[in-house]
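Notes for the structure review
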Amino acid sequence: LADVFSLYDDTLPSNRYGYTQTFDEHGNQTSYVTADGYYSSFQTFDSHGFRLSYVQFIDGNLDGTPDKVYQGTASHDSDGNLVGFDTIDENADGVVESITRYTEEYDAHGNPLRSRVVNDIDADGTPDSIYSSESSFDLHGNVLGNVIDFDFDADGVPLAGHVSDPCDGRTQ
């Protein structure tokens, strides 16, 4: 374990940080727990090494009881591409406060053609915001263009589309 030094006196260790982690037979991280108990995460994978689920616990006041719980499940197509991911954010009280759904569509070469993120901030079943992007590729898998839309109130009318320049990554 390495010492973390204070900003005021770099000769005295102000705190120690450590963690433990475990891996499955394919090298996938299945657990990660900080030594102080503040953060822990656990994941499951299928036989191909694709993540199926995760759960993360945060114990902000270090009393041994999680203050926040994040959970997610994933599914994949026959090529292993992520096609759906639901994330549930709970305040460790058993009540779902927010849900985010991710979907991605890929071409035959595994290039991500379309992505969509739908946020239901209050978990009432009605989307509150939507992000989507659509990309095109040449025969060599190079990005030819990308259009990104933000619909901040999920009313079906996105902000004007943003075109991403694949050469410099900036949106226009």
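In this text the structure is predicted, and so the values were computed from the model without any measurement.

Here we take up the overall build of the protein. Scanning the protein for helices and strands turns up zero helices and 13 strands. Going from the N terminus to the C terminus, the protein shows its helices and strands as β-β-β-β-β-β-β-β-β-β-β-β-β. Looking at the protein residue by residue over its 172 residues, the buried ones come to 23%. Residue pairs at least 24 apart in sequence account for 11% of intrachain contacts in the protein once pairs closer than 6 positions are excluded.

On to the environment of N111. Looking at where N111 falls in the secondary structure, it is placed in the loop between β9 (96-106) and β10 (112-120). Sequence separation between N111 and G141 is 30 residues; the distance between their C-alpha atoms is 6.9 Å. In contact with N111, not counting residues within four places along its chain, are E105, Y106, F137 and G141.

Here three bridges tie strand β4 (residues 29-34) to strand β5 (residues 39-45), and the two strands are oriented antiparallel to one another. Note on β5: the bridge partner recorded for Y32 is S41. Counting the residues that bridge the hairpin from β4 to β5 gives four residues, and of these G37 lies at a positive phi of roughly 85°. Here β5 runs beside strand β6 (residues 51-58); their pairing, made up of seven bridges, is antiparallel.

A full pass over the atoms with the stated rule returns two salt bridges. Of the charged contacts, one joins R114 and E105 as a salt bridge, the two residues approaching to 3.2 Å between their closest N and O atoms. Of the residues examined, R114 reaches a relative accessible area of 34% and is grouped as partly exposed. What emerges from the salt-bridge pattern is a single network uniting E105, R114 and E134.

Let us look at the environment of G18. Mapped onto the secondary structure, G18 falls in the loop between β2 (13-16) and β3 (19-23). Distance from G18 to V33, taken between C-alpha atoms, is 8.7 Å for residues 15 residues apart in sequence.

Our next topic: the confidence of the model for the protein. Taken over all residues, the pLDDT of the protein has a mean of 80, while the share at 70 or more is 81%. The weakest mean pLDDT in the protein belongs to strand β1 (residues 3-5) at 37; the strongest belongs to strand β11 (residues 129-137) at 94. Every residue in residues 1-14 is under pLDDT 50, and counting partners more than four places away or in other chains gives 17 contacts. This stretch, residues 165-172, has a pLDDT under 50; its non-local contacts, to residues over four places away or in other chains, come to 13 contacts.

Conventions used here
- Residues numbered from 1 in each chain as written.
- Predicted model: local features only at pLDDT ≥ 70, side-chain atom pairs only at ≥ 80, totals over all residues.
- Heavy atoms only, no water.
- Helix = DSSP H or I, 4+ residues; strand = E, 2+ residues; numbered from the N terminus.
- Buried < 20%, exposed > 50% of the residue type's maximum accessible area, 1.4 Å probe, protein only.
- Contact = heavy atoms within 4.5 Å.
- Pairing = 2+ DSSP bridges.
- Salt bridge = Lys/Arg side-chain N within 4 Å of Asp/Glu carboxyl O.
- pLDDT = per-residue confidence, 0-100.

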